[in-house]
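So the chains spell out like this:
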Amino acid sequence: MNIQDFVENFSAQFDDTDASVFTADTRFKELDEWSSLTALSIIAMIDDEYDVIIKGNDILNSDTIQDLYNIVEKHL
Amino acid sequence: MSQLTINNVRIAGMSACVPATVEDNLTLPIYKDEADALKVIASTGIERHHKVEPGTTASDLTVKAVERLLQDMGWEAQDVDCFAYVCTSRDFIAPQTACILQDRLKLRSDCCVFDLPFGCSGWVYGMSIVASLMSHGTFKRSILVAAETNTLNRNPRDTAVRPLFGDAATATALEFDPERSRPMNFVYGVDGSGYDAVWAPYGGMRNPVTPEAIEEKEVAPGVYRRGIDMIVNGMDVFGFAIKQPPRSLKELIEKFSIDVESVDLLLLHQANKFIDEKIRKAVKIAPEKTPYCLEEYGNVTSASIPLTMVTRCREKLTGSGEQHCLACGFGVGLAWASMEFYAGDIKCSDVITY
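Residues numbered from 1 in each chain as written. Chains lettered and ligands numbered in written order. Predicted model: local features only at pLDDT ≥ 70, side-chain atom pairs only at ≥ 80, totals over all residues.

Chemist: Tell me about the overall build of chain A, residues and numbers included.
Modeler: Assigned secondary structure in chain A consists of 4 helices and 0 strands. The helix and strand sequence of chain A, counted from the amino end, reads α-α-α-α. For chain A, the C-alpha radius of gyration of 11 Å lies close to 11 Å, the compact-globule estimate for 76 residues. Of all 76 residues assigned to chain A, the portion counted as buried reaches 21%. A fraction of 53% describes how many contacts in chain A between residues 6 or more apart in sequence connect residues 24 or more apart. (Helix = DSSP H or I, 4+ residues; strand = E, 2+ residues; numbered from the N terminus. Rg over C-alpha atoms; globule rule 2.2 N^0.38 Å. Buried ≥ 20, exposed ≤ 12 C-beta atoms within 10 Å, placed from the backbone. Contact = placed C-beta atoms within 7 Å.)

Shown next, in the form of structure tokens:
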């Protein structure tokens, strides 16, 4: 698992936000496109790619993509 | 591992009743525009749901469904030996709704009746409980109801739940029949640590109703709830629903050496299309074998699986050939259960609107 791939997988869950916008430091909940549905896509992506099921609170307590990456990494 | 095989009992008939009023997600006042609504419809697959008018309860829908079932089966109410009522939106805190239904339906006074307050796993759990009681051989005819009025126990101003949940009642007739039955197989699962993923925090003994509990509060932008309303923590439910149901079905397949190729119908609790498709793909069952009724009725919790059977599988189930079925119910609890059974030559009534 590395952060570049994670950011890429993360950005793939967005339809209208350009992939170039996303970095490890992106505060994803501040993006216009962010919604509860995007959150579900992220949970599904993390399950598919990393075989980890995160909790709703993991997303609520994360500000940046790096924060979420750190949570997923702990589960591996 | 808790697993169960039940012999000598078969599904003999099914019926369903939904309220007449339909609420279309496209025109719900909770969205800022149509594009917003379409996005939710696209990801959930839920276009509309039926909703009771104030004053109608799940037991009222149940009376219609059971009366129709008895009529189409050619059974008398007096023939019923056991009556189980799966529902969380009960008429009163006490007594059990099944007792009141005994009188309304004119069931015998020595009939074995009880409530089973399960949510989305309820039909599968209920099947295992009623069929198991019947397998002893003295209960010949039983009815399992799975009914819910989700629109009454959730807040209409809760944008997280209003587009997803609907109301329905279903009745399943079971009969003791050693000649024509095939074994039913079950596996179970529960994770009580997730009790607050779907729950109504106030109104029980832990948090009694107080003036504050019935006050509506804005808990997130545009999301209003009272303490007594059923809350769905979407992200936690989603994480659970993409993990446990596939595991449970795989466990069932493995424990009972089921040949997945021979399965005719995968009957999933109608949570939403996104979740259910993930489950279907995980167990590698073809889309044409996986019926959905959620586009029309939404998530009707314990009634989901039987409503899918009545509205989408009628021809197959009433036909003389046997359908090899897998079913999986999952949700509030968190609780889940999976089941293998055969069904055919069932008396299946048209869905009633009331």
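Right, picking up where we left off after that structure.
Chemist: Please provide a residue-by-residue account of the pairing of strand 14 (residues 265-268) of chain B, values included.
Modeler: All names here are of chain B. Burial along strand 14 is two-sided: Leu 265 and Leu 267 and Leu 266 and Leu 268, pointing in opposite directions, are all buried. As paired elements, strand 14 and strand 15 (residues 323-331) share 4 bridges and run parallel to each other. When the sheet's bridge partners are listed, Leu 267 is paired in strand 15 with Ala 327. (Pairing = 2+ DSSP bridges.)

Chemist: Give a description of the nonpolar core that names residues and reports values.
Modeler: Residues Phe83(B), Ala84(B), Val86(B), Val145(B), Ala168(B) and Ala169(B) are the most contacted members of the largest nonpolar core, which totals 121 residues. The contact partners of Val86(B), leaving out residues within four places of it in the chain, are Leu116(B), Phe118(B), Gly122(B), Trp123(B), Gly126(B), Leu144(B), Val145(B), Ala146(B) and Ser302(B). (Core = buried A, V, L, I, M, F, W, Y, C linked by C-beta atoms within 7 Å.)

Chemist: Kindly report on the interface of chain B and chain A, identifying the contributing residues and their values.
Modeler: With 13 residues of chain B at the contact, the number on the chain A side is 12 residues. Elements with a contribution of two residues or more to the side of chain B that touches chain A: helix 1 (34-44), helix 6 (234-255) and helix 7 (273-282) of chain B. In terms of residue count, the dominant contributor to the side of chain B that touches chain A is helix 6 of chain B (7 residues). Residues belonging to the side of chain B that touches chain A are distributed by class as follows: 5 nonpolar, 4 polar and 4 charged. (Nonpolar A, V, L, I, M, F, W, Y, C, P; charged D, E, K, R; others polar.)

Chemist: Go over helix 4 (residues 65-75) of chain A, please, and point to the residues and values.
Modeler: Residues and elements named next belong to chain A. Turning to helix 4, its buried residues are Ile 65, Leu 68 and Tyr 69. Along helix 4, the residues classed as buried sweep out an arc of 105 degrees about the axis, all on the same side. Residues of helix 4 that are buried make contact with helix 1 (3-11) and helix 3 (56-60). (Arc of directions from axis to C-beta.)

Chemist: An account of the pairing of strand 9 (residues 184-190) of chain B is requested, with residue identities and associated values reported.
Modeler: All names here are of chain B. The sheet contact formed by strand 1 (residues 3-6) and strand 9 spans 4 bridges and is antiparallel. Directly across from Leu 4, in strand 9, lies its bridge partner Phe 186. Here strand 9 runs beside strand 16 (residues 335-343); their pairing, made up of 6 bridges, is antiparallel. Paired with Val 190 across the bridge in strand 16 is Ala 335.

Chemist: Give a detailed account of the sheet that holds strand 1 of chain B, specifying residues and quantitative values.
Modeler: In sheet architecture, strand pairing relies on hydrogen bonds along the backbone and comes in two forms, parallel and antiparallel. All names here are of chain B. Strands sit in the order 1-9-16-15-14 across an open sheet of 5 strands; the sheet is mixed. In the strand order of this sheet, the two ends are held by strand 1 and strand 14, each with one partner. Between one strand axis and the next, the sheet turns through 15 degrees on average, direction left out of account. Along the sheet face, helix 6 touches strand 1, strand 9, strand 15 and strand 16 and points at about 145 degrees away from the line of strand 15. (Axes fitted to C-alpha atoms, helices over the stretch in contact; angles between N-to-C directions.)

Chemist: Kindly report on the packing of helix 6 of chain B against helix 7 of chain B, identifying the contributing residues and their values.
Modeler: Residues and elements named next belong to chain B. Packing of helix 6 against helix 7 brings their axes to within 9 Å, and their N-to-C directions diverge by 25 degrees. Overall, the two elements helix 6 and helix 7 adopt an arrangement that is roughly parallel. When the axes of helix 6 and helix 7 are compared, the crossing they make is right-handed. Contacts between helix 6 and helix 7 involve Phe 238, Ala 241, Ile 242, Pro 245 and Pro 246 from the first element and Ile 275, Lys 278, Ile 279 and Ala 282 from the second. Its residues assigned to classes, the contact of helix 6 with helix 7 comprises 8 nonpolar, no polar and 1 charged. (Parallel < 35°, antiparallel > 145°, perpendicular 65-115°, else oblique. Left-handed = near helix turned anticlockwise from the far one by under 90°.)

Chemist: Before we move on, could you go through the environment of Asn155(B) and cite the residues and values that matter?
Modeler: In this structure, Asn155(B) sits in the loop between helix 5 (150-153) and strand 8 (167-176). Between the alpha carbons of Asn155(B) and Gln102(B) there is a distance of 30 Å; along the sequence they are 53 residues apart.

Chemist: Quick rundown of unusual backbone geometry? Include the residues and the values.
Modeler: All names here are of chain B. Backbone torsion omega between Ala 94 and Pro 95 reads 5 degrees, so that peptide bond is classified as cis. For Pro 95, the location among the structural elements is in the loop between strand 5 (82-86) and helix 3 (97-105). The linkage connecting Gly 333 with the following residue, Leu 334, adopts the cis geometry, with an omega of -10 degrees. Counting through the fold element by element, Leu 334 comes out in the loop between strand 15 and strand 16. Phi at Ser 257 takes a positive value of approximately 45 degrees, unusual for a residue other than glycine.

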